[in-house]
Amino acid sequence: MSTLVPPPPMLFNPREDAMQLYRAFKGFGCDTPTVINILSHRDGTQRALIQQEYRTLKGEELEKRLSSELKGDTKNAVLLWLYDPATRDATIIRQAFVVNDLQCITEVICSRTPTQIQTFKHIYYSRYFIQLEQDVEKYTTGDHKKLLLAYLSVPRYEGPEVDRMMAEQDATALYRAGEKKIGTDEKTFIHILSGRSRAHLAAVSHAYRSMYKKSLVKAIKSETSGKFLSGLLAIVRCAENPGKFFAKELYKSMKGLGTNEAILTRIVVTRAEIDMYYIKAEYQKKYRKTLADAIHSETSGNYRTFLLSLVGS
């Protein structure tokens, strides 16, 4: 299932949408509900066409107008939604470097497929005139840096085929590099987790549990720490079940006092057209509450309406 964004009307007219958006901007204040209703019900291709029509009709960028008309979390979410997935990821990473949000950078890089990574790397360079690896080199350190650089550069197979014997060998290598020895051989963890396909790593995780009676995730938690740990966990958990990984991250963003709107916005917007169906299923399975109900109780106003439109009923 690719998306749970509510389906757009059968008749889509980008020029009419552009005109409606312009009318929503006119007068005193912005008719934010209309803006949300239009944009949250349009897929990526349709959003691009609306932006093109708005530029032709009004001689300005829709993104710039929205930035001046909207406020707060609603503004952040809608502007992020305007982009195609690769441009969105490149933008998120660049903004995270600016505010030194290494957790965000780690999540985005380590949860994406090789194809997605190659695409947003090209866009990153075309928009910011610097290689993504150069910014990683500049802003990160130690094993965390080594992991991100390897994950950004090492080609990985994306198919479903797995060599079970090799998976067992990798499980053994990780055991010897971690739990079996004093200290940790971080190079082995980086080499295996950055160089193997998701299907293979899922098989490694299964083999590890079968052979050593402990999950690979628990082994990684006991042997590593900090952002390096976060990156390794994101890689393994997305190999095992990306829907479950993002469901847990969403839960953490809304857990306790207050809500981390940056994380909530990022995950809902970036996953809405990819695997939101599975994320919602995993969320309800694990937390006995629908994701929509959780968002409804933790947010308000136009921001809530927009997120719930992307999540779907």
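Residues numbered from 1 in each chain as written. Predicted model: local features only at pLDDT ≥ 70, side-chain atom pairs only at ≥ 80, totals over all residues. Heavy atoms only, no water.

> Looking at this model, I keep getting lost on the overall build of the chain. Mind explaining?
Along its length, the chain carries 20 helices and zero strands. Its C-alpha atoms give the chain a radius of gyration of 21 Å, near enough to 20 Å, the size a compact globule of 313 residues would have. Counting only C-alpha atoms and orienting by the principal axes, one finds that the chain spans roughly 70 × 45 × 40 Å. Expressed as a percentage of the 313 residues in the chain, the buried residues total 50%. The long-range share in the chain, meaning contacts at least 24 apart out of those at least 6 apart in sequence, stands at 68%. Taken as a whole, the chain presents about 15,300 Å² of accessible surface, with 52% of it coming from carbon and sulfur. Here the chain contributes 46 positively and 35 negatively charged side chains, and the mean placements of these two sets differ by 4 Å. (Helix = DSSP H or I, 4+ residues; strand = E, 2+ residues; numbered from the N terminus. Rg over C-alpha atoms; globule rule 2.2 N^0.38 Å. Buried < 20%, exposed > 50% of the residue type's maximum accessible area, 1.4 Å probe, protein only. Contact = heavy atoms within 4.5 Å. Areas by Shrake-Rupley, 256 points an atom, 1.4 Å probe, with all protein chains shown as cover. Lys, Arg positive; Asp, Glu negative; His and termini not counted. Charge placed at Lys NZ, Arg CZ, Asp CG, Glu CD.)

> What's the story with the nonpolar core in this structure? I'm lost.
It is characteristic of soluble globular proteins that their nonpolar side chains tend to be buried jointly. With 94 residues, the main nonpolar core has Leu 39 and Leu 66 as its most contacted residues. By residue number, the principal contributor to this core is helix α15 (residues 226-240), which donates nine residues. Not counting residues up to four positions away in its chain, the partners in contact with Leu 39 are Leu 21, Arg 47, Ile 50, Leu 66, Val 78, Trp 81 and Leu 82. (Core = buried A, V, L, I, M, F, W, Y, C linked by side-chain atoms within 4.5 Å.)

> Where do I start with the packing of helix α13 (residues 198-212) against α15 in this structure?
Think of two packed helices as two axes; the pair is described by the angle between the axes and how far apart they sit. Closest axis-to-axis distance for the α13/α15 pair is 8 Å, and the angle between their directions is 95 degrees. Between α13 and α15, the crossing angle belongs to the class labelled roughly perpendicular. Between α13, through Arg 198, Leu 201, Ala 202 and Ser 205, and α15, the contact on the second element is made entirely by Ile 235, Cys 238, Ala 239 and Glu 240. Its residues placed into classes, the contact of α13 with α15 shows five nonpolar, one polar and two charged. (Axes fitted to C-alpha atoms, helices over the stretch in contact; angles between N-to-C directions. Parallel < 35°, antiparallel > 145°, perpendicular 65-115°, else oblique. Nonpolar A, V, L, I, M, F, W, Y, C, P; charged D, E, K, R; others polar.)

Take it as geometry only, folks, not as evidence of what the structure does.
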